Amino acid sequence: MKALKFGIACLSALFALSAHAADPAPVKKMNGVLVDAHGMTVYTFDKDTAGSGKSACNGTCAENWPPVKAGDAAVSAPYSVVTRDDGSKQLAYQGKPLYTFVKDKKAGDREGDKKMNVWHVVTD
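On a predicted model such as this, the values are computed, not experimentally measured, just so you know. (Residues numbered from 1 in each chain as written. Predicted model: local features only at pLDDT ≥ 70, side-chain atom pairs only at ≥ 80, totals over all residues. Heavy atoms only, no water.)

Caption draft 1: Looking closely at the nonpolar core. Ranked by size, the top nonpolar core spans twelve residues in total: Val33, Val35, Tyr43, Phe45, Cys57, Ala62, Trp65, Tyr99, Phe101, Val118, Trp119 and Val121. Counting residues per element, the ones that place at least two in this core are β2 (33–36), β3 (43–45) and β7 (119–121). Membership of the second largest hydrophobic core comes to nine residues, among which are Val68, Ala70, Leu98 and Val122. (Core = buried A, V, L, I, M, F, W, Y, C linked by side-chain atoms within 4.5 Å. Buried < 20%, exposed > 50% of the residue type's maximum accessible area, 1.4 Å probe, protein only. Helix = DSSP H or I, 4+ residues; strand = E, 2+ residues; numbered from the N terminus.)

Caption draft 2: Geometry of unusual backbone geometry. Of note, the bond from Ala77 into Pro78 is cis; its omega dihedral lies within 30 degrees of zero at 10°. Relative to the assigned elements, Pro78 resides in the loop between α2 (60–64) and β4 (79–83). Not every positive phi belongs to a glycine, and Met116 is a case in point at roughly 55°. Locating Met116 in the fold gives a position in the loop between β6 (96–97) and β7. Since its relative accessible area comes to 61%, Met116 is described here as exposed. We note that Asn117 has phi near 60°; this positive angle belongs to a residue other than glycine. Here Asn117 shows up in the loop between β6 and β7. Classification of Asn117 by relative accessible area gives exposed; the value is 62%.

Caption draft 3: Examining the pattern of salt bridges more closely. All told, the structure shown has three salt bridges when counted by the stated rule. Salt-bridge contacts for Asp109 lead to Lys106; the nearest nitrogen and oxygen are separated by 3.0 Å. (Salt bridge = Lys/Arg side-chain N within 4 Å of Asp/Glu carboxyl O.)

Caption draft 4: Examining the sheet that holds strand β5 (residues 89–93) more closely. Strands sit in the order β4-β5-β6 across an open sheet of three strands; the sheet is antiparallel. Taken across any chain shown, the strands that pair with only one partner, and hence form the sheet edges, are β4 and β6. Pairing geometry for β5 and β6, over two bridges, is antiparallel. Paired with Tyr93 across the bridge in β6 is Lys96. (Pairing = 2+ DSSP bridges.)

Caption draft 5: Fine view of the state of the cysteines. With the rule as written, the count across this model stands at one disulfide. Paired by a disulfide, Cys57 and Cys61 hold their sulfur atoms 2.0 Å apart. Its S-S torsion of approximately -110° makes the covalent link between Cys57 and Cys61 left-handed. (Disulfide = S-S within 2.5 Å.)

Caption draft 6: Representation of the pairing of β2. Neither face of β2 is open: one carries Val33 and Val35, the other Leu34 and Asp36, and all of them are buried. The pairing of strand β1 (residues 27–30) with β2 spans four bridges and is antiparallel. Note that in β2 the partner of Met30 across the bridge is Val33. Count of turn residues in the β1/β2 antiparallel hairpin: two residues, of which Asn31 carries a positive phi of about 55°.

Structure follows, in structure tokens:
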């Protein structure tokens with residue numbers, strides 16, 4: 001009976017690892033800019049302070065500029081995670097929280113670049 005429980009525990013751990021490994025990376029570089037897992041362009045906001053651990057875009061702002069959610073996987077520089085006012089986790093690049101834009105309708109759209117002179121596509 002102990003061997004069966006141990007076998008089940010090992011299989012459960014293996015399935016958990018393989019399911020976790022299948023999670024897509026939150027962002028990747030494509031055509032010289034960062035995009036989210038769906039290929040949507042990623043932006044930074046000038047009103048955010050790099051390294052503060054906070055986002056200045058909440059409420060209506062976050063409805064128009066949805067935060068890029070941080071997954072459960074650990075991140076390493078130049079990425080980090082900030083905690084939003086609502087307690088959710090948001091991915092940051094070089095200390096600045098990352099967002100998408102609701103008016104970008106398909107992968108590769110960059111309608112938010114230089115919007116109000118405070119939103120910028122993340123290039124690397």
